[in-house]
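Survey of secondary and tertiary structure
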Amino acid sequence: MLAGMMRFYSARRIAITGASSGLGAGLARDYAAPGVSLALFARRNERLEQVAAECRSRGATVEIAALDVGESEPLGGMLRAMDDAQGFDLVIANAGIAAPPGEAGAAKQIRTNLLGAIHTIEPLIPRMLARGHGHIAVVTSVAALRGLPDCPAYCASKAGLRLYGEALRAGLAPSGIDVTVITPGFFFSPMSERLRGSKPLMVGSARVVRIVRRGLDRRRARVSFPWPIVALLRLLDLLPARLGDVLIRWFRFQIYAG
Ligand SMILES: NC(=O)c1ccc[n+]([C@@H]2O[C@H](COP(=O)([O-])OP(=O)(O)OC[C@H]3O[C@@H](n4cnc5c(N)ncnc54)[C@H](OP(=O)(O)O)[C@@H]3O)[C@@H](O)[C@H]2O)c1
């Protein structure tokens, strides 16, 4: 029974959004190997080309698409065309932004972090269902576990995405599709460089790739780290709301525009 629960696999036909930088680029490089095909998405073509060249030098077949995940039609069309050619066995909805406070930034975060992930995943669900297998991963954040005072819209976007992923997992598992909800704390990347303030238990850029890859290879339901931050935020959410609000103010930081 244990052997049945501990399934290990390494995906070979993989779509990754937000692959021009940070975690997405790191995962692309980590998966890159002979026999692996990668479809890499982000807005900056030049950066995607650089990541693609590194992945090709490791033996992978790579296609790139410079697209905004907030635009459902071009993204959906491209995903369907690529899926026709290769049949993705793993899609990682990783693209995300953190914006300074304000109405424009708030809307952008919801559009990119939540709608962008939904635009990435929805076109592939009927195809995975028809094939009877597949693996979907969403990159959320510990900010999805308890509202942080300096980034309400980021929290909202990631909490929405976390619940979207949890709901998909419950619904799709009987049809052979796994869903992994990734909930990272702070890790080194261009995004975290734009945050000033407390970033407790920050994880290195190579380590975050290892943790996420291991969780994906094991088809884990959840990959949440670092555990003390996850436990603390879950505990704060259980406390009376105003006490939780006082304690959460220890997590103060500012987001600078990218
Ligand atoms: N770094 C942290 O401490 C941390 C902690 C928890 C969760 N996360 C989450 O982890 C994920 C990866 O973040 P990271 O730290 O690796 O950040 P990053 O280095 O800034 O990378 C973000 C990626 O998303 C892409 N992207 C942003 N907006 C996009 C859009 N509208 N359309 C398509 N692609 C878009 C960016 O590419 P282009 O600019 O080329 O489009 C880039 O490739 C994000 O979802 C983030 O919210 C990060």
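Just above sits the structure.
This is a predicted model, so every value here is computed, not measured.

Topic: the site of the ligand
Every one of the 30 residues lining the ligand counts as a neighbour, but G18, G22, R43, G96 and S189 are closest to it. Those elements giving two or more residues to the shell around the ligand turn out to be α2 (22-31), α5 (103-121) and α8 (190-193). Looking at the shell around the ligand, its residues break down into 12 nonpolar, 14 polar and 4 charged.

Focus on the packing of α5 against helix α7 (residues 152-172)
Between α5 and α7, the shortest axis-to-axis distance is 8 Å and the interhelical angle comes to 15°. Taken together, the axes of α5 and α7 lie roughly parallel to each other. At the point where α5 passes α7, the crossing takes the right-handed sense. On α7, the residues that touch G105, A106, Q109, I110, N113, L114, A117 and I118 of α5 are A153, Y154, A156, S157, K158, G160, L161 and Y164. Grouping the constituent residues of the contact of α5 with α7 by class yields 10 nonpolar, 5 polar and 1 charged.

Some details on helix α3 (residues 45-57)
For α3, with 13 residues, the first-to-last C-alpha span of 18 Å sits near the 18 Å given by 1.5 Å per residue. By the burial criterion, the buried members of α3 are L48, V51, A52 and C55. When α3 is viewed along its axis, its buried side chains cluster within an angular range of 105° and face the same direction. Exposed side chains of α3 directed beyond 90 degrees from the buried face belong to E46, A53 and S57. Considering only its buried residues, α3 is in contact with α2, β2 (37-42) and β3 (61-66).

Rules and cut-offs
- Residues numbered from 1 in each chain as written.
- Predicted model: local features only at pLDDT ≥ 70, side-chain atom pairs only at ≥ 80, totals over all residues.
- Near = placed C-beta within 6 Å.
- Helix = DSSP H or I, 4+ residues; strand = E, 2+ residues; numbered from the N terminus.
- Nonpolar A, V, L, I, M, F, W, Y, C, P; charged D, E, K, R; others polar.
- Axes fitted to C-alpha atoms, helices over the stretch in contact; angles between N-to-C directions.
- Parallel < 35°, antiparallel > 145°, perpendicular 65-115°, else oblique.
- Left-handed = near helix turned anticlockwise from the far one by under 90°.
- Contact = placed C-beta atoms within 7 Å.
- Expected span 1.5 Å × (residues − 1).
- Buried ≥ 20, exposed ≤ 12 C-beta atoms within 10 Å, placed from the backbone.
- Arc of directions from axis to C-beta.

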